[in-house]
2 protein chains.
Amino acid sequence: MDFKFLQGLIVPAPTKIAMIIMDGLGGLPLEPGGKTELESACTPHLDALAAQSALGLTVPVGPGITPGSGPGHLSIFGYDPFQYEIGRGALEALGIDFDLGPNDVAARGNFCSVDAEGIVTDRRAGRIGTDVNRELAKLLREIKVDGVETFIETVKEHRFAFILRGPGLDDALTETDPQKTGVPARPVCALKPDSEKTACLVNQFIEKARRLLTDKYPANMILLRGFARYPVMPTYLELFGLRAAAIAINAMYRGVAKIVGMQALKVEGDTLADEFTALEKNWNDFDFFYLHVKKTDTAGEDGDFWRKVHAIEEVDALMPRLLALEPDVVIVGGDHSSPAVLKSHSWHPVPTLLYSRYVRADGIAEFGERACARGSLGVLPAKDVMPIALANAQRITKLGA
Amino acid sequence: MDFKFLQGLIVPAPTKIAMIIMDGLGGLPLEPGGKTELESACTPHLDALAAQSALGLTVPVGPGITPGSGPGHLSIFGYDPFQYEIGRGALEALGIDFDLGPNDVAARGNFCSVDAEGIVTDRRAGRIGTDVNRELAKLLREIKVDGVETFIETVKEHRFAFILRGPGLDDALTETDPQKTGVPARPVCALKPDSEKTACLVNQFIEKARRLLTDKYPANMILLRGFARYPVMPTYLELFGLRAAAIAINAMYRGVAKIVGMQALKVEGDTLADEFTALEKNWNDFDFFYLHVKKTDTAGEDGDFWRKVHAIEEVDALMPRLLALEPDVVIVGGDHSSPAVLKSHSWHPVPTLLYSRYVRADGIAEFGERACARGSLGVLPAKDVMPIALANAQRITKLGA
């Protein structure tokens with residue numbers, strides 16, 4: 001179902017939708033036959049909500065595909081992750097709260113080590129400390145390139161974001177990172193005529209950086225990859241008629257939400273409770289709220305099963321504050337799975353509940369992977385959740401007579 | 001799966017398929033946690049059939065989309081509702097049993113009220129009685145337009161169907177209905193060069209109608225919208241090799257069935273039992289039967305939960321007459337949901353059972369929304385039901401060696 005079609009059926013309604021995304025929610029049992037993180041968690045409020053909800057398992061991108069945060073979020077936001085893409089460079093810049101604009105091309109940067117012949121000997125420059133990175137970034141900011149602005153923003157250790165800002169830039173560029181040692185860094189090449197000017201400017205920058213860093217071993221060179229412009233996509237307001245707000249502690253998720261036209265709300269503090277306070281404060285001013293929970297994913301990626309369980313329980317304990325606002329539609333789900341036993345993102349479908357007054361409730365009083373597998377939403381593409389939520393919010397009119 | 005592919009695998013077989021469509025079958029409970037209309041109904045025969053069937057929930061058009069009768073029926077008939085469409089004007093003409101042909105362009109018409117300056121003051125002419133409509137329609141039939149035939153057919157109250165018949169007509173036309181009062185009716189404009197002649201003819205007709213109706217306030221003008229030709233689609237015989245028959249009291253459903261090449265059978269009387277009698281009478285002459293039940297939808301749209309329950313029970317009581325004919329494949333489902341609590345069509349998936357000797361029965365002895373949510377057909381696009389039914393009727397051969 002494409003957006004043009006859906007857009008034509010959108011009607012206004014005085015309803016509110018809340019989407020709680022527990023990053024990397026889906027899990028696996030510690031031992032075969034055991035319970036997953038979500039199934040192990042004590043979640044009385046989510047279980048009670050599940051009983052009044054339709055349950056299902058969302059597939060973020062496609063069967064067997066493990067999504068990164070970009071495609072995972074775009075999917076659950078309703079965007080076909082094959083059609084819409086956030087380049088790695090853009091994601092890196094958004095992740096450090098860099099205010100990426102439409103005239104920018106961003107890339108992921110590494111400080112690296114090269115020998116006297118320019119052969120890469122360590123792609124990560126011995127993982128220099130973040131402080132060293134900051135000093136070197138200052139140095140690189142002295143570089144001037146013809147007619148464009150450049151930004152070097154420390155991420156951490158050897159990593160930084162590189163942004164070129166100016167008219168007529170294009171991101172169809174090859175990467176300089178050779179992805180292995182023992183060979184020189186590659187020059188940037190244009191992949192189409194429109195990007196030749198950008199390739200030339202980036203190569204100028206790299207050459208100047210090489211000279212400036214010559215005595216800074218182990219960080220005596222830079223590698224750039226994932227060149228990407230700010231992705232232009234239709235917004236929530238244009239597509240769905242929703243004034244949408246995003247609540248996230250971590251900059252990257254605010255960034256992804258901004259790309260789809262959500263307003264990133266100020267969160268006073270950095271706890272999950274602070275996020276719920278931001279939700280309450282702004283409740284009257286928006287139609288749609290996306291609230292991001294980071295701890296579930298970091299615990300999963302750290303392989304800490306019980307920390308993930310507790311992160312889920314923390315969300316459960318805060319659910320009454322959301323429900324007290326009387327949202328018309330509530331979605332609780334995730335952008336992908338991050339089972340602690342895998343210590344990484346995974347391809348597993350993500351448990352999801354959709355509550356509304358008009359949902360056909362499955363009557364399954366449990367929020368968990370196996371409970372959701374029995375739910376009436378079935379196993380569905382994550383991008384299909386938003387249309388169903390909009391229907392439940394009575395924001396889609398009838399098709400045809 | 002596109003039709004070309006499926007068509008290449010169709011083989012003949014001496015088997016019969018019966019599809020019982022309860023219009024707007026899917027429902028919602030009156031109170032959260034309660035039973036839906038179908039779950040509340042006492043349906044011993046459907047429950048017994050369910051036990052020997054595969055169950056599932058069909059999604060008529062797409063997630064969250066509430067279909068009208070046109071797209072709802074095309075989907076359950078096996079047609080991709082994004083690819084095939086029945087325009088509103090064509091549906092209106094079919095709904096009054098007008099014999100729409102390939103040289104016709106049809107529109108929905110309203111009598112309306114305009115002031116001395118031609119400003120629309122009431123888009124529905126105060127909802128004039130159907131008798132008045134018939135008198136005015138007679139008057140409009142006097143209008144002659146160059147080289148084409150015109151038809152004005154009363155629907156009810158202020159509504160009529162307008163049909164233009166002749167060579168070289170095209171339906172790419174804008175509407176005259178401004179959709180609000182306080183502005184004049186719009187002229188019809190051609191949306192492409194091929195429709196310029198038609199636009200000109202329609203505008204001629206409207207001008208003549210305006211003059212004829214000048215002293216007929218409140219019905220002193222007409223509005224036309226939803227211009228549409230008779231939709232041309234591949235037929236059941238061409239696609240599936242099925243000699244298909246349609247049994248429906250209401251003209252619109254006979255019309256939609258005729259579009260896909262079904263023969264609309266004569267029903268003596270206007271009860272559901274009469275429809276089953278028509279089924280029995282014609283059993284030997286066709287391979288496929290579509291039998292339409294209207295009352296479930298009208299009860300749903302009227303918000304009458306228990307009337308819908310009884311309409312379902314009426315179908316159940318007649319099921320033995322169908323089963324006595326020993327059909328090879330039986331589909332019982334709907335074209336969309338019409339929950340009484342919503343008093344309208346809705347987006348909810350539709351409970352569906354598929355019985356045959358070769359179906360992998362789920363052993364769930366209950367026909368209801370939650371029972372079907374547990375069924376092995378899963379949540380599936382409505383258009384996928386026909387290929388599965390054809391396979392069960394042994395009418396699809398093996399693909400590849």
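What you see is a predicted model, and the numbers here were worked out from it, not measured in a lab. (Residues numbered from 1 in each chain as written. Chains lettered and ligands numbered in written order. Predicted model: local features only at pLDDT ≥ 70, side-chain atom pairs only at ≥ 80, totals over all residues. Heavy atoms only, no water.)

**Q** Just give me the short version of the sheet that holds strand 10 (residues 288–293) of chain B, but keep the residues and values in it.
**A** Pairing between the strands of a sheet comes from backbone hydrogen bonds, and it takes one of two forms, parallel or antiparallel. Residue and element names in this part refer to chain B. The strand order across the open sheet formed by eight strands is 9-8-10-1-11-12-2-13, and the pairing between neighbours is mixed. Each edge of the sheet is formed by a strand with only one pairing partner; in this case those strands are strand 9 (263–264) and strand 13 (378–381). Both strand 8 (residues 244–247) and strand 10 contribute to a ladder of four bridges, which runs parallel. Across the sheet, Ala246 pairs through a bridge with Tyr290, a residue of strand 10. (Pairing = 2+ DSSP bridges. Helix = DSSP H or I, 4+ residues; strand = E, 2+ residues; numbered from the N terminus.)

**Q** Which residues make up the relation of the copies chain A and chain B, and what values do they have?
**A** Aligned on chain B, chain A shows an RMSD of 0.2 Å; the corresponding rotation is 125° and the shift along the axis is 0.1 Å. One copy is carried onto the other by what is essentially a three-fold rotation axis. (Least-squares fit on C-alpha atoms with pLDDT ≥ 70 in both.)

**Q** Which residues make up the side chain of Glu37 of chain B, and what are the values?
**A** Along the chain, the position of Glu37 of chain B falls in helix 2 (residues 37–40). A relative accessible area of 0% places Glu37 of chain B in the buried class. (Buried < 20%, exposed > 50% of the residue type's maximum accessible area, 1.4 Å probe, protein only.)

**Q** Explain the packing of aromatic side chains to me, using residue names and the numbers behind them.
**A** For the coordinates displayed, the defined rule picks out 31 aromatic pairs over all chains. Between Tyr236 of chain A and Phe240 of chain A, the ring centres sit 4.9 Å apart and the planes meet at 80°, which makes this aromatic pair edge-to-face. Taken together, the residues span about one helical turn, with Tyr236 of chain A and Phe240 of chain A both in helix 8 (residues 236–240) at a distance of four residues. Under the relative-accessibility criterion, Phe240 of chain A is labelled buried at 1%. Both rings, one in Trp283 of chain B and one in Phe289 of chain B, keep their centres 4.9 Å apart while their planes meet at 15°; by these two values the pair is stacked. With a relative accessible area of 1%, Phe289 of chain B lands in the buried category. By way of ring pairs, the aromatic residues Phe3, Phe77, Tyr79, Tyr84, Tyr236, Phe240, Phe288 and Tyr290 of chain A are connected into one cluster. One cation-aromatic arrangement involves Lys16 of chain B over Trp283 of chain B; the distance from NZ or CZ to the ring centre is 5.8 Å. (Phe/Tyr/Trp six-rings, centres within 6.5 Å; stacked < 30°, edge-to-face > 60°. Lys NZ or Arg CZ within 6 Å of the ring centre and 35° of its normal.)

**Q** Provide a residue-level description of a nonpolar patch on the surface, including the pertinent values.
**A** Nonpolar side chains collect at one region of the surface, where Leu30, Trp306, Val341, Leu342 and Trp347 of chain A lie side by side and expose about 480 Å² of accessible area between them. Position of Leu30 of chain A relative to the elements: it lies in the loop between strand 1 (17–22) and helix 2 (37–40). (Patch = residues over 30% accessible without salt bridge, like charges linked within 9 Å, V, L, I, M, F, W, Y side chains within 5 Å. Areas by Shrake-Rupley, 256 points an atom, 1.4 Å probe, with all protein chains shown as cover. Salt bridge = Lys/Arg side-chain N within 4 Å of Asp/Glu carboxyl O.)

**Q** So what's going on with the pairing of strand 8 (residues 244–247) of chain A? Which residues, and what values?
**A** Residue and element names in this part refer to chain A. The alternating pattern of strand 8 places Ala244 and Ala246 on one face and Ala245 and Ile247 on the opposite face, and all of these are buried. Sheet topology note: the strand 8/strand 9 (residues 263–264) ladder contains two bridges and is parallel. Following the sheet pairing, Ala246 is matched in strand 9 by Ala264. Handedness of the crossover joining strand 8 and strand 9 through helix 9 (residues 251–259) is recorded here as right-handed. (Right-handed = clockwise from strand over helix to strand, strands pointing away.)

**Q** How would you sum up unusual backbone geometry? Please name residues and give values.
**A** Residue Pro218 of chain A follows Tyr217 of chain A across a cis peptide bond; omega there is 10°. Here Pro218 of chain A shows up in the loop between helix 7 (196–212) and strand 7 (221–229). One non-glycine residue, Ala125 of chain A, adopts positive backbone phi at about 50°. Relative to the helices and strands, Ala125 of chain A resides in the loop between strand 4 (120–122) and helix 6 (130–140). Positive phi outside glycine occurs at Lys343 of chain B, with the angle close to 50°. When you line up the elements, Lys343 of chain B lands in the loop between strand 11 (329–333) and strand 12 (350–356). Judged by its relative accessible area of 54%, Lys343 of chain B is exposed.

**Q** So what's going on with the interface of chain A and chain B? Residues and values would help.
**A** Each partner contributes residues to the interface: chain A has 25 residues there, and chain B has 29 residues. Taken together, chain A and chain B are joined by zero salt bridges. Here chain A and chain B share seven residue pairs in polar contact (both at pLDDT 80 or more) between them. By residue number, the principal contributor to the side of chain A that touches chain B is helix 14 (residues 385–392) of chain A, which donates four residues. When grouped by side-chain class, the residues that make up the side of chain A that touches chain B number 14 nonpolar, six polar and five charged. (Contact = heavy atoms within 4.5 Å. Polar contact = N/O pair within 3.5 Å; in protein donor to acceptor, adjacent residues only side chain to side chain. Nonpolar A, V, L, I, M, F, W, Y, C, P; charged D, E, K, R; others polar.)

**Q** Could you give me a rundown of the pattern of salt bridges, with the residues and numbers involved?
**A** Residues and elements named next belong to chain A. Tallied over the full model, the rule gives 44 salt bridges over all chains. One salt bridge in this structure joins Glu92 and Arg108, with 3.3 Å as the shortest N-O distance. One end of the pair, Glu92, is in helix 5 (residues 88–95); the other, Arg108, is in strand 3 (residues 104–114), and 16 residues separate them in sequence. Judged by relative accessible area, which is 7%, Glu92 ranks as buried. Counted as one network, the salt bridges with shared partners bring together Glu92, Arg108 and Arg159.

**Q** Lay out helix 9 of chain A with the relevant residues and their values.
**A** Residues and elements named next belong to chain A. Of all nine residues in helix 9, eight are buried; the element is thus mostly enclosed. Along its buried surface, helix 9 packs onto helix 4 (69–76), helix 5, strand 8, strand 9 and strand 10 (288–293). Between the side-chain oxygen at the start of helix 9 and the backbone nitrogen of Met252 there is a gap of 3.0 Å, and the oxygen is on Asn250. A positive backbone phi angle near 90° is found at Gly261, which sits one or two residues after helix 9.

**Q** Tell me what's going on with the environment of Pro234 of chain B, and back it up with residues and numbers.
**A** Residues and elements named next belong to chain B. When you line up the elements, Pro234 lands in the loop between strand 7 (221–229) and helix 8 (236–240). Between the C-alpha atoms of Pro234 and Gly261, which are 27 residues apart in sequence, the distance is 7.8 Å. Not counting the four nearest positions on each side in its chain, Pro234 is found in contact with Phe3, Tyr79, Tyr84, Leu239 and Val260.

**Q** So, the state of the cysteines: which residues are in play, and what are the values?
**A** Residue and element names in this part refer to chain A. Summed over the entire model, instances satisfying the criterion amount to zero disulfides over all chains. Summary of cysteine pairing: Cys42 is not part of a disulfide, and the nearest cysteine sulfur, belonging to Cys372, is at 17 Å. For Cys42, a relative accessible area of 55% translates into the label exposed. Accessibility expressed as a relative area gives 0% for Cys372, which makes it buried. (Disulfide = S-S within 2.5 Å.)

**Q** I'd like a rundown of the side chain of Asp274 of chain B, residues and numbers included.
**A** Residue and element names in this part refer to chain B. Here Asp274 lies in helix 10 (residues 272–282). Buried within the structure, Asp274 lacks any salt-bridge partner; its nearest side chain of opposite charge belongs to Arg321, at an N-O separation of 7.1 Å. Residues contacting Asp274, with those up to four places away along its chain left out, are Val267, Glu268 and Gly269. (Lys, Arg positive; Asp, Glu negative; His and termini not counted.)

**Q** Break down the nonpolar core for me, with residues and values.
**A** Residues and elements named next belong to chain A. Counting residues in hydrophobic clusters, the biggest one holds 66 residues, and the most contacted among them are Phe77, Tyr79, Tyr236, Met262 and Phe288. No other element matches the six residues that helix 14 contributes to this core. Setting aside anything within four residues of it in sequence, one finds Tyr236 in contact with Phe77, Tyr79, Gly241, Leu242, Ala244, Val260, Met262, Phe288 and Met386. (Core = buried A, V, L, I, M, F, W, Y, C linked by side-chain atoms within 4.5 Å.)

**Q** Now, about the sheet that holds strand 13 (residues 378–381) of chain A: what can you tell me, with residues and values included?
**A** Residue and element names in this part refer to chain A. Sheet architecture is open: eight strands sit in the order 9-8-10-1-11-12-2-13, paired in mixed fashion. In this open sheet, the two strands that pair with only one neighbour each are strand 9 and strand 13. Here strand 2 (residues 53–59) pairs with strand 12 (residues 350–356) via six bridges, running antiparallel. Its bridge partner being in strand 12, Ser53 is matched across the sheet by Tyr355. Together, strand 8, strand 9 and strand 10 form the strand contacts of helix 9, whose direction differs from that of strand 10 by roughly 155°. Against the sheet, helix 12 (residues 305–323) touches strand 1, strand 10 and strand 11 (329–333), its axis set at about 170° to strand 1. (Axes fitted to C-alpha atoms, helices over the stretch in contact; angles between N-to-C directions.)

**Q** Can you tell me about the environment of Lys281 of chain B, naming the residues and giving the values?
**A** Residue placement: Lys281 of chain B occurs in helix 10. In sequence terms Lys281 of chain B and Cys372 of chain B are 91 residues apart; their C-alpha atoms lie 32 Å from each other.

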